[in-house]
Amino acid sequence: GRGFAFRRKQKIERQYRKLLKKGRKVHSQQDNQFTDTYPEHLKHLYLAEEEMLKKRRRAPNDSVLSEEKLNKAVDGYGRCGYDCLVIVRIWSTCTFSHRSVVTEGKFKKKTSNQKAKEEYEKIKAERARKREEAEKRKQQREAAQRLYKQKKMEAYKILSKKTKRGQPNLNLQMEFLLQKIQQNT
């Protein structure tokens, strides 16, 4: 029969379809959601910032905002307008000085993705270095084993030689021992 797992799967599918349906309805309303919903007492600041961003996109080299456009953005707000104009002007100079520093690359902050990539590259380089070291050690070990086996085989050939009657050849054994003693001293 159909157990609890099947019913759970159907429930999740229904919830997912419901979510998709909601998403289609909300998606059409999202375009108008964020336009002109600024608080009235801060609207001039947001408009000035939008103007700055537009100008920055158009002319990235131009770091000074025109006074007319700033005045237009803060028109009719009296003392607050002047204060806001000063704040926006200070803010704009700060952002542009920060921007020049960013282009120089001296104090550029790294995103988490960049940090993760760097960490991955470090780990990758470390693994490659360890792999190369292991390969080098393996080759050295194999070369040492080959040399050891070769010497062992030569010694075996010398020591296992027999005379015509099948007796061990003591002359060759004595020469081998003599060579061994001479190598050690």
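It is worth spelling out the overall build of the protein chain at this point. In terms of helices and strands, the protein chain carries six helices and zero strands. Along the protein chain, helices (α) and strands (β) appear in the sequence α-α-α-α-α-α when read from the amino end. Residue burial in the protein chain is summarised as follows: out of 185 residues, 9% are buried. Look at the contacts in the protein chain between residues 6 or more apart in sequence, and 40% of them connect residues 24 or more apart. Surface accessibility of the protein chain: about 17,100 Å² in total, with carbon and sulfur atoms responsible for 54%.

Before going further, it helps to spend a moment on the pattern of salt bridges. Going through the model one piece at a time under the given rule, you end up with four salt bridges. Where Glu-13 meets Arg-17, a salt bridge forms, and the shortest distance between an N and an O atom there is 3.8 Å. Highlighted residues: Glu-13 and Arg-17, both in helix α1 (residues 4-30), separated by four residues, approximately one helical turn. For Arg-129, the salt bridge identified is with Glu-126, shortest N-O distance 2.3 Å. With Arg-129 and Glu-126 both in helix α5 (residues 112-159) and three residues apart, this pair spans about one turn of that helix. Via salt bridges that share partners, Glu-126, Arg-129 and Glu-133 belong to a single interconnected network.

This part covers the packing of α5 against helix α6 (residues 170-184). Contact pair α5 / α6: the axes reach a minimum separation of 8 Å and the direction vectors enclose 145 degrees. Residues Ala-155, Ile-158 and Leu-159 of α5 touch α6, and the partners they reach there are Leu-172, Gln-173 and Phe-176. Residues belonging to the contact of α5 with α6 are distributed by class as follows: five nonpolar, one polar and no charged.

Reading fine detail from the predicted coordinates is not recommended where pLDDT is low. Taken over all residues, the pLDDT of the protein chain has a mean of 77, while the share at 70 or more is 66%. The element-level mean pLDDT for the protein chain is lowest in helix α4 (residues 78-104), coming to 48, with α5 highest at 94. Taken as a whole, residues 95-104 scores under 50 in pLDDT and shows nine contacts with residues more than four places along the chain or in a different chain.

What counts, and where the lines are drawn
- For every chain, the first residue of its written sequence is number 1, and the numbers climb from 1 along that sequence.
- Thresholds applied to this predicted model are a pLDDT of at least 70 for local features of residues and 80 or more for the giving and counting of side-chain atom pairs; totals over whole chains, interfaces and linings are not thresholded and use all residues.
- Just so you know, side-chain values use all the structure's heavy atoms and leave hydrogens and water out.
- Counting from the N terminus, the helices are DSSP H or I runs at least four residues long and the strands are E runs at least two residues long.
- Three exposure classes are used, based on accessible area relative to the maximum for each residue type with a 1.4 Å probe and protein chains only: buried under 20%, partly exposed in between, and exposed over 50%.
- Only heavy atoms enter the contact rule, under which two residues are in contact if any of them lie within 4.5 Å.
- Accessible surface area values rest on a Shrake-Rupley calculation with a 1.4 Å probe, where residue burial reflects the displayed protein chains alone.
- Basic side-chain nitrogens of Lys or Arg form a salt bridge, by our definition, when they fall within 4 Å of a carboxyl oxygen of Asp or Glu.
- An axis is simply a line fitted to the C-alpha atoms; with a helix, the fit covers only the stretch in contact. Between two such axes, the angle follows the N-to-C directions and lies from 0 to 180 degrees.
- Residues are sorted three ways: Asp, Glu, Lys and Arg are charged, Ala, Val, Leu, Ile, Met, Phe, Trp, Tyr, Cys and Pro are nonpolar, and all the rest, Gly among them, are polar.
- Confidence scores labelled pLDDT are given residue by residue by the predictor and lie between 0 and 100.

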